[in-house]
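# Working through the structure, step by step
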Amino acid sequence: MTQAPEPSLTTNRTRLPQGLVMLGNILSVLARTPTSLFGLVVIALLVVMAAFAPLIATHDPYIQNLANTLQPPSMAHLFGTDELGRDIFSRLVHGARITLTIIALVSIVVGPIGLLFGTVAGYFGGKIDTVLMRITDIFLSFPSLILSLAFVAALGPSLNNAIIAIALTSWPPIARLARAETLTFRSADYVSAARLQGASSARIIWTSIVPMCLPSVIIRLTLNMATVILTAAGLGFLGLGAQPPLPEWGAMIATGRRYMIDSWWLVTFPGLAILAVSLAFNLLGDGLRDALDPKQMNRR
Amino acid sequence: MEPILDVHNLAVHYRGAPNPAVGGVSFQLGRERLGIVGESGSGKSTVGRALLKLLDTADVTADRMRFEDIDLLNASEKQMLSVRGKRISMILQDPKFSLNPTQRCGDQISEAYLTHFRSSRAEAKTRALEMLEQVHIRDPERVYNLYPHEVSGGMGQRIMIAMMLLTDPALVIADEPTSALDVTIRLQVLRILDGLVREKGIGLIMISHDLNLVRNFCDKVLIMYAGRVVETLAARDLDNAQHPYSRGLLAAQPRLGGARTPLPVLERQDSWLEPDGAHP
Amino acid sequence: MKSISIKQLSVSFGAVTVLHDVDLEIAAGECFGLVGESGSGKSTVLRCASLLNATWSGKIEIDGKDIRTMSIQERCRTMQMVFQDPYGSLHPRHSIRSALELGLIVNKVDDRETKMAQAMRDVGLPVEFLDRYPHQLSGGQRQRVAIARALVLEPHLLLLDEPTSALDVSVQAEVLNLLVRLREEKGLTYLMVSHDLAVVDHMCGRFAIMQHGRIAEVLPREAILDGSARDPYARELIAASIEYERAI
């Protein structure tokens, strides 16, 4: 076995680089496979697009120009214009912001909830496990789009409510996963050792179990993002998500549907955007599965 | 005596690893018992796997690697299929992982026979039952119908031995065959293996970390350190081993009734890694 | 130095009884061995004594004090355990420092850096290793860290669950020497589980042979060679071990 290079002696200096080195390693593994590299590039593009939307967009996404409706793609309007004469390219670029917001908020809500439910249920077992997992089962037994529809219908259609609805329906698989992982780790000797050192259950879950579950949860979250995007687009399409005039991609397809036969660009470009981004998240998730594989981590 | 196996200058290099895992291993094996001893990471198991060409992620090179009339180094995968399990068998450490949990033990033995010989199922079963009797299983008919989880570790390892010897191999590679077993049945299993190997005139390579085992059940011993053979000697001369590593290993082993003084600790030296492995 | 006494310890998992009325008296400062085949319940005794497994009946006392009445802190600072597999007993994502520090933080011990440095020196590792991660250490070094983790809380009693069976012979010798030295220096009491009679003979003054969840016989170390064991199974185990070694 080869010894790793000498780490430096001070604590605070070693801790940060350890994380950075790991991130660098993960990125380099991702970059080595073409498919996950594609995912990474598309998502990076999405982030850049969202961050610099006003600079990239050629027109204001909200300004209507009724004299210039339903124009096919041209140099003036790269992806054409919609039924109100708005530039589709600019709307797509601004729509990236909405998509990213949805993904980010859903992940921030879903990850911790799923982890909490799963690790607590898995670690304690017994009655706690039964109760928590039955709750999970109930959420899991509804088709997620239908459940989101019910939530949005109850809360009223808006982007925020759509995010809440999607979050409420997508944590159960994460909880299931985290529980399964926890079951394999809770009988590990290092958990026993922590118990013998007097650590409380909460501390053990937080410091010993959660770090071990995190890689697979992150992978699952990434793979989940494609579904989130599609659900968000579906809600938008049904008019229950983002409300006009917000340039949400699903909503753009919904309004473009009526003109689809004559003006293909209205639905094609938002559709392609949804396809590319959800594909990218799937490919990235697959790549992460290899990059975060504990066996590979040990080799580094 | 015509050697069954002739290996000269075997080297194994795992792809992506900076140094070869095994280098410069040479030995000849007749119808005798060879022990390969070393610590974890010494490359002893890698040698066994290299002989069967089971290393997909490594480059195996050698000046010579012949088994009977087959050149193992250049043998095609198809040729290897007829060698593996038929001419060369392998017994692994833990029968729990080598037996298929969804099939009856007996059926697995018959299956092994049917893979390599044209015969009827009935004949394969008769052969399997005979073999089970030879590994001292008292009630072969009953054991034949048991599932792997229903047999103990010692019984499982005897079943593995039966399965591996059923095809009349010329060479058996046993990789830590008894380290997963309790001491009271370890000897019994070893004796059964030993008896069959001698009776049938099979060559045996016993890979182990345990010097006692090798001392009692082998004729010749190869001592490996960091992928190299540091010493080759007859098993009965083990106490007179010359290389400091071999002597260190022998001394570090606590003994029943031994003195209560601190155990001698092995001082590893870089000079042991020299390619010639030479030492006074 | 503290003694431990186990009285009528019984454990059942569902319908299966794993331990039947196990009685053991281990004197203060003694190294006591527990030998048996896999499944004989020897590790279960340790898991009960450490309360990792809390569903048992009977009584376990340390220096006359029932371990069930001790506070968690008192128990942690009285007894610690070293596990078999040095690869599984250290958290792969925690540095050696955080592994050692956990017990000190939880038990509100001050002067943690000194205590940790002392523990590392005790087990013969450089103090700089505190900032390493388990995958940067060899098997023997990991087991030393596991021992340091147990020692950092300054316990009186160490439960050793096959502490060397996953190690190579030469590394085993180092760890056994270390354990012998630490017991002398710190006056520890050891309860050591092993399947290797030679290791028990080297370490322990007395040992118990277990079979099917029962104590077959408690014997002094000398009984291995002088044949004074009475129980048939104990005789069989000793005979098999001697025969296996056959080189005395």
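Thresholds applied
Residues numbered from 1 in each chain as written. Chains lettered and ligands numbered in written order. Predicted model: local features only at pLDDT ≥ 70, side-chain atom pairs only at ≥ 80, totals over all residues. Heavy atoms only, no water. UniProt positions renumbered as here; feature names shortened; annotations may be inferred. Helix = DSSP H or I, 4+ residues; strand = E, 2+ residues; numbered from the N terminus. Contact = heavy atoms within 4.5 Å. Buried area = accessible area lost by both parts, 1.4 Å probe. Salt bridge = Lys/Arg side-chain N within 4 Å of Asp/Glu carboxyl O. Polar contact = N/O pair within 3.5 Å; in protein donor to acceptor, adjacent residues only side chain to side chain. Nonpolar A, V, L, I, M, F, W, Y, C, P; charged D, E, K, R; others polar. Buried < 20%, exposed > 50% of the residue type's maximum accessible area, 1.4 Å probe, protein only. pLDDT = per-residue confidence, 0-100. Disulfide = S-S within 2.5 Å. Pairing = 2+ DSSP bridges.

As annotated in an unreviewed UniProt entry, chain B carries the name ABC transporter permease and is attributed to Pelagibacterium lentulum. Listed under Subcellular location (unreviewed entry) in UniProt, the entry text for chain B is "Cell inner membrane". The Sequence similarities (unreviewed entry) comment attached to chain B in UniProt states, word for word, "Belongs to the ABC transporter superfamily."

As recorded in an unreviewed UniProt entry, chain A goes by the name ABC transporter permease, listed as coming from Pelagibacterium lentulum. Regarding chain A, the UniProt comment filed under Sequence similarities (unreviewed entry) reads as follows: "Belongs to the binding-protein-dependent transport system permease family. OppBC subfamily."

### Topic: the UniProt feature "transmembrane region" (unreviewed entry) in chain A
Residues and elements named next belong to chain A. As annotated in UniProt, the feature "transmembrane region" (unreviewed entry) corresponds to residues 37–57, 98–125, 145–169, 221–243 and 263–285 in the numbering used here. The distance from the first to the last C-alpha atom of residues 145–169 is 8 Å, and the span holds 88% helix and 0% strand. What you have in residues 221–243 is 74% helix and 0% strand, and the ends, taken at the C-alpha atoms, are 26 Å apart.

### Some remarks on the interface of chain C and chain B
Across the contact, 34 residues belong to chain C and 32 residues belong to chain B. Buried area between chain C and chain B, both sides added, is near 3000 Å², and the carbon and sulfur share of it is 53%. Inspection of the region where chain C meets chain B yields 1 salt bridge. Two residues, C:E243 and B:R191, come together in a salt bridge whose shortest N-O distance is 2.5 Å. Inspection of the chain C/chain B interface yields 14 residue pairs in polar contact (both at pLDDT 80 or more). The set of elements that each furnish at least two residues to the side of chain C that touches chain B consists of α6 (169–186), α7 (197–203), α8 (223–226) and α9 (232–245) of chain C. Partitioned by chemical class, the residues of the side of chain C that touches chain B number 17 nonpolar, 8 polar and 9 charged.

### A few points about helix α8 (residues 189–196) of chain A
Residue and element names in this part refer to chain A. For α8, the tally of buried residues reaches 7 of 8 residues, placing the bulk of the element in the interior. All of the buried residues along α8 are D189, Y190, V191, S192, A193, A194 and L196. Looking one or two residues past α8, G198 carries a phi angle of roughly 95 degrees, positive in sign.

### What to know about the UniProt feature "domain: ABC transmembrane type-1" (unreviewed entry) in chain A
The positions UniProt marks with the feature "domain: ABC transmembrane type-1" (unreviewed entry) are residues 96–285 of chain A. Helix makes up 83% of residues 96–285 of chain A and strand 0%, and the two end C-alpha atoms of the span are 20 Å apart.

### Let's talk about the arrangement of the chains
The interface with the highest contact count, out of 2 pairs of chains in contact, is the one between chains B and C. Regarding chain A and chain B, which are not in contact, the minimum distance between any of their C-alpha atoms is 8 Å.

### Looking at the side chain of B:S110
You can see B:S110 is positioned in helix α4 (residues 105–116). On the basis of relative accessible area, B:S110 is assigned to the buried category, the value being 3%.

### Quick notes on the confidence of the model for chain A
Low pLDDT means the predicted coordinates in that region are not meant to be read closely. Overall, the prediction assigns chain A a mean pLDDT of 85, with 91% of residues at 70 or greater. The low-confidence segment residues 1–14 of chain A, where pLDDT is below 50, has 21 contacts with residues more than four positions distant or belonging to other chains.

### A closer look at the state of the cysteines
Each disulfide consists of one covalent bond between the sulfur atoms belonging to two cysteines. All names here are of chain C. Taken as a whole and judged by the stated rule, the model has 0 disulfides over all chains. In this structure C76 is a free cysteine whose sulfur lies 17 Å from that of C48, the closest cysteine sulfur available. In this structure C76 comes out as buried when scored by relative accessible area, which is 3%.

### Re the pairing of strand β3 (residues 33–37) of chain B
Residue and element names in this part refer to chain B. Across the 5 residues that make up β3, a large majority, 5, are buried. Side-chain alternation along β3 places R33, G35 and V37 on one buried face and L34 and I36 on a second face that is also buried. The sheet contact formed by β3 and strand β9 (residues 203–208) spans 5 bridges and is parallel. Paired with G35 across the two strands is M206, which belongs to β9. Examined bridge by bridge, β3 and strand β10 (residues 220–225) share 4 bridges and lie parallel to one another. Each bridged residue has a counterpart across the sheet, and for G35 the counterpart in β10 is V221.

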